[in-house]
Every structure is written in C-alpha cells, then in structure tokens.
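What the coordinates show
Read off the chains here:
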Amino acid sequence: MTAGEHRPPADAADPAPEAVRALAAEFLALYHRENPDAGPPGRRLAEVTAEISRTGTYTHTARELDFAAKVAWRNSVRCIGRLYWRSLTVRDRRGVDSADGIAAECVRHLELATNGGRVRPCVTVFAPDRPGRPAPRVWNDQLVRYAGYPRPDGTVLGDPVSAELTAAARHLGWPGGPGTPFDVLPLIVHGRGEKPRWFELPDSAVLQVPLEHPDHPWFARLGLRWYAVPAVCAMCLAAGGVRYPLVPFNGWYMGTEIGARNLADTDRYDLLPDLARRLGLDTSSDRSLWKDRALVELNVAVLHSYDKAGVTITDHHTESRRFLAHLAREERAGRAVGADWSWIVPPLSGAATPVFHRYYDTEQRHPAFLYQPPAPTDGFAP
Ligand code: ARG
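**A short note on the nonpolar core**
If you look at the biggest cluster of nonpolar residues, it comprises 55 residues, and the most contacted ones within it are Trp226, Leu263 and Tyr306. Of all the elements in the fold, those that place two or more residues in this core are α4 (99-114), β6 (187-190), β9 (225-227), α6 (255-262), α7 (272-278) and α8 (290-309). The next biggest cluster of nonpolar side chains, apart from the first, holds 29 residues, and it includes Leu30, Phe67, Ala68 and Leu237.

So, in structure tokens, the structure goes:
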C-alpha cells in the first residue's frame, strides 16, 4: 500500500457479514414499520441478505437513506433541537468520492444550508465504507471553523479548538489566513486513492455575523463575529450495518453554543475577563458574579446580532420548550426518546429552563450519528 492510499484506522475492521445482516434486518423492520406504504420488509430483506452474502455490504435505496438520516437526527441524545427532524434535507451524494467533488459538494451544502440567513437543516451523504474500501474523509470537524495559530508565549490566536487542524493545513501547504482571530480554515479533503488536499471556502459560502450589543456601543468595536451555520462533519452515520464516515450535517445555532461556550470557555476564546472589565464589573472576586453577568451580556449580544443580521438562531428558553414538545409528540407516536441530560440542559440558566427538571431515557438508538476515530492522516499531518 502506498503512502497516498487511504488506510482504515487499526480499530476499524470490516464488520462480519452476519453482524451486517442482523443490523440490516433491524433497520429494515423499522423502516417498513414507519413507512407502511413501502409494504412488508420480507422481499427487501431477502434482496439485502443476498447482496450482503455477495459483497459484505449492501446499498440503501434513496428512500431508506433519507429515512436513516432523519431518524439518526431524531435519535441524537445530545441534541436539543430535534423537534424538526422530519424537515431535514438529505442530499444523496454517495457517488462522489474525489476530493474536488467532495469540496464542491461541501460548498454547495453550505450555500443551501445558509439559504441567505434562513438556515435550513441539511445533511450531505457521501460514499460509505465498503469492505476493503474505506470511504473518503474530511479532516475538519465542522465545515466552517476559525484557525488557531500558536503564539510564541504558548497562547493561541483564534480558536484553540482548531490549533491541530490549522497546523495540519499549514503542513499541507495552506499559506495561512490574514492572521485575525477569525480566519476561516480551508477544508482538508482526503478523496479515495488521493493525497489529502486543502480547499479554501469561498467567502460567498461562509455567512458570518458581526457581533454587537444592543446597549453597549463599544461591543461592536471588539470585532467579534461568528459563522451562521454549524455543520458538523466529523461524525459518521451508522445505519443498518452500513457506515457513512462523511456526512456533514447542520441545524441552526442555539445562542448559548456561541455565547456560553465558543466565545466564553477558558480553552476557547476566553472572553469573559475582558468583557467583565469593560462592563465595569469587579473581577477581583468570584463572588461579584462577574463571570455570570458577563455571560448574560455576551449571550444577549449573540442573539441580538443574529436577529439583526437576519440569520436564524434560537435561544435556550424557546428550544427547551420545543424539546419537551418533541418528547411529548414522539411519545404520542409510541416512540421512546433518548436524551443525555448533561448535553440537553443549556450551559446558561439551566434550572430556568424546563428541560432541567426531569430525567431522561438515556438509550442511544439506531440509526445514529456517532463519533468515530479521527480520519487517518497517513503521514500527511505533522
Ligand atoms: N456546538 C457546536 C458549535 O458551537 C455545534 C454543534 C451543532 N449545533 C447545532 N446547533 N446544530 O459550533
């Protein structure tokens, strides 16, 4: 095997055909139960079983794939935004496996998802793993990410979460961005049988929102911003014994993701100390609750700015109510909903939202979006 060939990670042995068949049977039973117009599963299961015996895997129909992706969202135990799972736009791009093709489809995904600011939940499904033939991958963990450049003093300019990816991009020859705290990273795409390559995202595909505060004119002068569309691309879709390692998906943001985590966490942009001082708060003691007060103002700024820019964003109070509506609706349909309390409860004012005050069934059902081993770098990363 040559260095440029895409090797599967050591722990990703191809699943045994019996295991694939069992998972396929379970998935088809669910699909036919929830889609009575597709008839009973018997014939399709026989077809799939034969294909698995022949090839070790099978090919979902377009409708099965559409269903699998929607239900994987419905089953995402960490996602509070699942009420609209049926409205997911599923883009079937299983035939695309070249780096050029993947990069172009990722750009198209961002354009469709951004939709001029009226963000649309979308998923693009690229080629699945096949026995002996692992799927193409993208190294980024989201389609849009800001670079993190190490400074000589050990701190990071930009987003520390992307320091490693930034180094990998530089290693592949990316010249680096202009050197702001918000330089958009290129996509690093590892197409089938190719070397990994970087692709700059066109500005027109990356809608961003400059942040300002409704009551504090100085806030806008800080030059803070965030992007419109959170498009996760590091997770895989596991559906009926088939693994799709490259399935970029997005919803819209909930304000706290940006205002209480990305810009506030001490290992991210760590903005609270600076904001608190500008707000005139006493930062000499935790007991002044300067962090809490700065957090609230930062979150006010995020929601206000997205609204002003006409970019879809939800707040944690609204989304908590919607999530409980989702639970009730699913239960009426006879389906159990798994949820991870520690992810569902928002990182700001948790107990002021109704999702705090109860327990959840924690089971992760399938189909599912799952974490997977990072894309093999085949010696192309530092
Ligand atoms: N929390 C991640 C971020 O801040 C995004 C995860 C997905 N979020 C979503 N609203 N669909 O970038």
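**Notes on the sheet that holds strand β11 (residues 236-239)**
Taken together, 3 strands build an open sheet; the order of strands is β12-β11-β16 and the sheet is antiparallel. Edge strands, defined here as strands with exactly one partner in the open sheet, are β12 (242-244) and β16 (368-370). Averaged over neighbouring strand pairs, the angle between their axes works out to 30° when direction is ignored. Taken together, the 3 bridges between β11 and β12 define a ladder with antiparallel strand orientation. Its bridge partner being in β12, leucine 237 is matched across the sheet by tyrosine 244.

**A short note on the packing of aromatic side chains**
Inspection of the entire model under this criterion finds 15 aromatic pairs. Ring geometry for tryptophan 218 and phenylalanine 219: centres 5.9 Å apart, planes at 40°, overall tilted. By relative accessible area, phenylalanine 219 is classed as buried at 2%. Ring plane angle 85° and centroid distance 5.8 Å describe the contact between tryptophan 226 and tyrosine 269, whose orientation is recorded as edge-to-face. Taken together, the residues tryptophan 226 in strand β9 and tyrosine 269 in the loop between α6 and α7 connect sequence positions 43 residues apart. In terms of burial, tryptophan 226 and tyrosine 269 fall into one category: buried. Ring pairing ties together the aromatic residues Tyr146, Phe182, Trp226, Tyr227, Tyr253 and Tyr269, which thus form one cluster. If you follow arginine 74 out to its NZ or CZ, it ends over the ring of tryptophan 85, 4.7 Å from the centre.

**Some words on the packing of helix α1 (residues 17-34) against helix α2 (residues 42-55)**
Relative to each other, α1 and α2 sit at 160°, their axes nearing to 10 Å. What the angle tells us is that α1 and α2 run roughly antiparallel. Between α1 and α2 lies a crossing whose hand is right-handed. Contacts between α1 and α2 involve Pro17, Val20, Arg21, Ala24, Ala25, Leu28 and His32 from the former and Arg44, Leu45, Val48, Thr49 and Ile52 from the latter.

**Side note on the pairing of strand β1 (residues 89-92)**
For β1 and strand β2 (residues 122-125), the ladder comprises 4 bridges, and the chain directions are parallel. Across the sheet, aspartate 92 pairs through a bridge with valine 125, a residue of β2. In this view, the connection linking β1 to its parallel neighbour β2 by way of α4 has right-handed handedness.

**Points about the packing of α1 against helix α3 (residues 62-74)**
Packing of α1 against α3 leaves a shortest axis separation of 11 Å and a crossing angle of 95°. As the angle between them shows, α1 and α3 are arranged roughly perpendicular. From α1, Phe27, Leu28, Leu30, Tyr31 and Glu34 reach across to α3, where they touch Arg63, Glu64, Phe67, Ala68, Val71 and Arg74.

**Digging into the site of the ligand**
Near the ligand the following residues occur: Gln142, Tyr227, Pro230, Gly251, Trp252, Tyr253, Glu257 and Asn262. Contact between the ligand and glutamine 142: an oxygen atom at 2.8 Å from a side-chain N or O atom of the residue. Starting from 340 Å² of accessible surface for the ligand in isolation, the protein chains cover 72%. Tallied by class, the residues present in the shell around the ligand amount to 4 nonpolar, 3 polar and 1 charged.

**Some points on the sheet that holds β6**
The strand order across the open sheet built from 3 strands is β3-β6-β7, with neighbouring strands paired in antiparallel fashion. Every other strand in the sheet has two partners, leaving β3 (137-138) and β7 (197-199) as the edge strands with one partner each.

**Re unusual backbone geometry**
Omega for the bond connecting histidine 366 with proline 367 falls within 30 degrees of zero, at 0°, which places this linkage in the cis form. Within the element layout of this structure, proline 367 appears in the loop between α10 (341-344) and β16. A positive phi angle, close to 55°, is found at serine 349, a residue other than glycine. With respect to the helices, strands and loops of the structure, serine 349 is situated in the loop between α10 and β16. Using a relative accessible area of 36% as the deciding quantity, one classes serine 349 as partly exposed. Phi is positive for aspartate 378, close to 50°, though the residue is something other than glycine. Mapping aspartate 378 onto the fold places it in the segment after β16.

Reading the values: the criteria
- Residues numbered from 1 in each chain as written.
- Predicted model: local features only at pLDDT ≥ 70, side-chain atom pairs only at ≥ 80, totals over all residues.
- Heavy atoms only, no water.
- Core = buried A, V, L, I, M, F, W, Y, C linked by side-chain atoms within 4.5 Å.
- Buried < 20%, exposed > 50% of the residue type's maximum accessible area, 1.4 Å probe, protein only.
- Helix = DSSP H or I, 4+ residues; strand = E, 2+ residues; numbered from the N terminus.
- Pairing = 2+ DSSP bridges.
- Axes fitted to C-alpha atoms, helices over the stretch in contact; angles between N-to-C directions.
- Phe/Tyr/Trp six-rings, centres within 6.5 Å; stacked < 30°, edge-to-face > 60°.
- Lys NZ or Arg CZ within 6 Å of the ring centre and 35° of its normal.
- Parallel < 35°, antiparallel > 145°, perpendicular 65-115°, else oblique.
- Left-handed = near helix turned anticlockwise from the far one by under 90°.
- Contact = heavy atoms within 4.5 Å.
- Right-handed = clockwise from strand over helix to strand, strands pointing away.
- Near = heavy atom within 4 Å.
- Polar contact = N/O pair within 3.5 Å; in protein donor to acceptor, adjacent residues only side chain to side chain.
- Areas by Shrake-Rupley, 256 points an atom, 1.4 Å probe, with all protein chains shown as cover.
- Nonpolar A, V, L, I, M, F, W, Y, C, P; charged D, E, K, R; others polar.

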